[in-house]
Amino acid sequence: MNFNWQEGNRLLLLENGEAFFPRVFGAIQRAERSVLIETFILFEDDVGNALHRELLAAAQRGVRVEVMVDGYGSAELSDNFVNSLTSAGVRFIYYDPRPLVMGMRTNVFRRLHRKTVVVDDVVAFVGGINFSAEHNTDYGPEAKQDYAVQVKGPVVADIARYLQQAIGSEQHTRRWWGSRSHRPAVNAKPGDAQVLYVFRDNDEHRDDIEVHYLEMLREAKRDVIIANAYFFPGYRLLREMRNAAQRGVRVRLIVQGEPDMPIVKVGAELLYNYLVDGGVEVYEYIRRPLHGKIAVKDDYWATVGSSNLDPLSLSLNLEANLIIHDRPFNQTLRDNLEALLANDCQRVQEDRLPPRNWWQLSKSVVVFHFLRHFPAIAGWLPAHTPQLAQVSAPVQPEMETQDRVEADNPGAKS
């Protein structure tokens, strides 16, 4: 499945749960026909329970509701939480669940990492925000800094069609407008955003998101800002960041300074010398954990989505980003990032770089060989055909059965 650039879209940047959840819940409250949701994490907390109430109410008034969650990221939902939805008619699916081994989850690789919502094929939400309270800033020191986009317009039909195929939905989106296959014009009219829905699977679209990042860096004329939570990309992307900086483009990278997992910072720090020596400005976001996956280039290019720039997202997981050509949206996202840089980040100066000794050099050599060859290494990792486990409505309140069906979706065959 391939998509073209779509013109005539309207976009709204949503920062953190305070902006995202009310918009999503409001759209579900107004739903008349359908609600489609894919998410990596759905927790049974204040946010998850609020979503549960909205989905239950939508299903009870006759809206077709379909939800797919990742079997690893959302493995701890209670039977009561899920069964009450399926009893109301919600189609609830786990992506590739596996039985616990000695009480531990083992299905680490090739996860459903997308976070996407489509309501009535009219409005869609794409980004990095999961349905959990930790995306609200009042959660505490571990609250995540993150982003999503609300989009209305022709690209919503593409997103809906993709989700319907991924979930195995019986719905069929009817596209009554034409698509445009040309590359977007730089001078797009304000309020008339050109948007491309880009996804990564383990079949025919293994590196589509990475390719858009590479093209962006090669085409940059003046300025690039990349903010990414889990930064440990392939060698090609690191090389293009340096190349852009060395031809005079100001390249700024924001990574986690207060990570939710310490190993994240350890991995990124191994790349600091290479990037800083090449002219890339590296900043650490230090207010709280950074969970965003966003970037801007020059005056018109931007991306928001679920894809980190690390081996899991670039070579294994199912991901989705919006690539956006729109000056007003670019400026909105740029202003947000500039505020983060000014108020909540500290620059990695040369005196803060890892020491340049034989041990550091040896680690760097190993890291770069790993990054250069990881796409091939990923092919050796478990490559089964993931299952979709649809939860059937219980015959009695305490009973639950699962009908396993082969996943007939993009990315299911690895």
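As annotated in an unreviewed UniProt entry, the protein chain carries the name Cardiolipin synthase B and is attributed to Candidatus Pantoea gossypiicola. Note on the protein chain: under the UniProt heading Function (unreviewed entry), the record states "Catalyzes the phosphatidyl group transfer from one phosphatidylglycerol molecule to another to form cardiolipin (CL) (diphosphatidylglycerol) and glycerol."

Some remarks on the UniProt feature "domain: PLD phosphodiesterase" (unreviewed entry) in the protein chain
Within this numbering scheme, the UniProt entry marks residues 108–135 and 286–313 as carrying the feature "domain: PLD phosphodiesterase" (unreviewed entry). A distance of 22 Å separates the end C-alpha atoms of residues 108–135, which is 0% helix and 32% strand. Taken end to end, residues 286–313 is 11% helix and 36% strand, and its first and last C-alpha atoms sit 23 Å apart.

Comments concerning the packing of helix α1 (residues 16–30) against helix α2 (residues 46–60)
Their axes nearest at 9 Å, the elements α1 and α2 cross at an angle of 15°. Viewed along their axes, α1 and α2 adopt a mutual orientation that is roughly parallel. For the pair α1 and α2, the crossing hand works out as left-handed. Between α1, through Phe21, Phe25, Ile28 and Gln29, and α2, the contact on the second element is made entirely by Val47, Ala50, Leu51, Glu54, Leu55 and Ala58. Residues of the contact of α1 with α2, tallied by class, amount to 8 nonpolar, 1 polar and 1 charged.

Examining the UniProt feature "active site" (unreviewed entry) in the protein chain
When the UniProt feature table is mapped to this numbering, "active site" (unreviewed entry) covers His113, Lys115, Asp120, His291, Lys293 and Asp298. From the set just named, the residues that line the largest pocket comprise His113, Lys115 and His291. For His113, the position within the fold is in the loop between β4 (91–95) and β5 (116–119). His113 gets classed as buried once you look at its relative accessible area, which sits at 8%.

What to know about the nonpolar core
If you look at the biggest cluster of nonpolar residues, it comprises 88 residues, and the most contacted ones within it are Ile159, Tyr197, Met241, Ile254 and Leu275. By residue number, the principal contributor to this core is helix α4 (residues 155–167), which donates 8 residues. The contact partners of Leu275, leaving out residues within four places of it in the chain, are Phe231, Leu238, Met241, Leu253, Val280 and Val282. In this structure, Val24, Ala27, Ile37 and Ala148 belong to the second largest nonpolar core, which totals 38 residues.

About the cut-offs
- Residues numbered from 1 in each chain as written.
- Predicted model: local features only at pLDDT ≥ 70, side-chain atom pairs only at ≥ 80, totals over all residues.
- Heavy atoms only, no water.
- UniProt positions renumbered as here; feature names shortened; annotations may be inferred.
- Helix = DSSP H or I, 4+ residues; strand = E, 2+ residues; numbered from the N terminus.
- Axes fitted to C-alpha atoms, helices over the stretch in contact; angles between N-to-C directions.
- Parallel < 35°, antiparallel > 145°, perpendicular 65-115°, else oblique.
- Left-handed = near helix turned anticlockwise from the far one by under 90°.
- Contact = heavy atoms within 4.5 Å.
- Nonpolar A, V, L, I, M, F, W, Y, C, P; charged D, E, K, R; others polar.
- 1 Å grid on protein atoms, 1.4 Å probe; cavity = no way out; pocket = protein on both sides within 12 Å on 5 of 7 lines; lining within 4 Å.
- Buried < 20%, exposed > 50% of the residue type's maximum accessible area, 1.4 Å probe, protein only.
- Core = buried A, V, L, I, M, F, W, Y, C linked by side-chain atoms within 4.5 Å.

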